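# Notes for the structure review
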Amino acid sequence: MSKKPVKATLTTAMIEEQTAAFLKSGGTIEYVDKGKSGQLSLTGSKQINLKTDK
C-alpha cells in the first residue's frame, strides 16, 4: 500500500515569515480597495440575464 499524501498546512507564523522574506527581497504589497478584485478585465461582462420578455 502507498502512503497517503501529507496535507499541507499553513500557519499564521509561516505566512508572516514568508511575507517578511518577500518584503526583504524587495517585493511590494499593493492594497486593493474593498469590493474590487484588482484584476483588469480584458473581456466584457460574463453576466447573463435569465429574465425573458414575453
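An account of the accompanying structure is given in this report.

## Focus: the overall build of the protein chain
For the protein chain, the helix and strand inventory stands at one helix and zero strands. By residue count, 2% of the 54 residues in the protein chain fall in the buried class. Summing over all exposed atoms, the protein chain offers an accessible surface of approximately 6,400 Å²; the carbon and sulfur share of this is 56%.

## What to know about the environment of T28
Positionally, T28 belongs in the segment after α1 (12-24). Aside from chain neighbours lying at most four places away, what touches T28 is F22 and L23.

Rules and cut-offs
- Residues numbered from 1 in each chain as written.
- Predicted model: local features only at pLDDT ≥ 70, side-chain atom pairs only at ≥ 80, totals over all residues.
- Heavy atoms only, no water.
- Helix = DSSP H or I, 4+ residues; strand = E, 2+ residues; numbered from the N terminus.
- Buried < 20%, exposed > 50% of the residue type's maximum accessible area, 1.4 Å probe, protein only.
- Areas by Shrake-Rupley, 256 points an atom, 1.4 Å probe, with all protein chains shown as cover.
- Contact = heavy atoms within 4.5 Å.

Any functional reading would require information that these geometric values do not contain.
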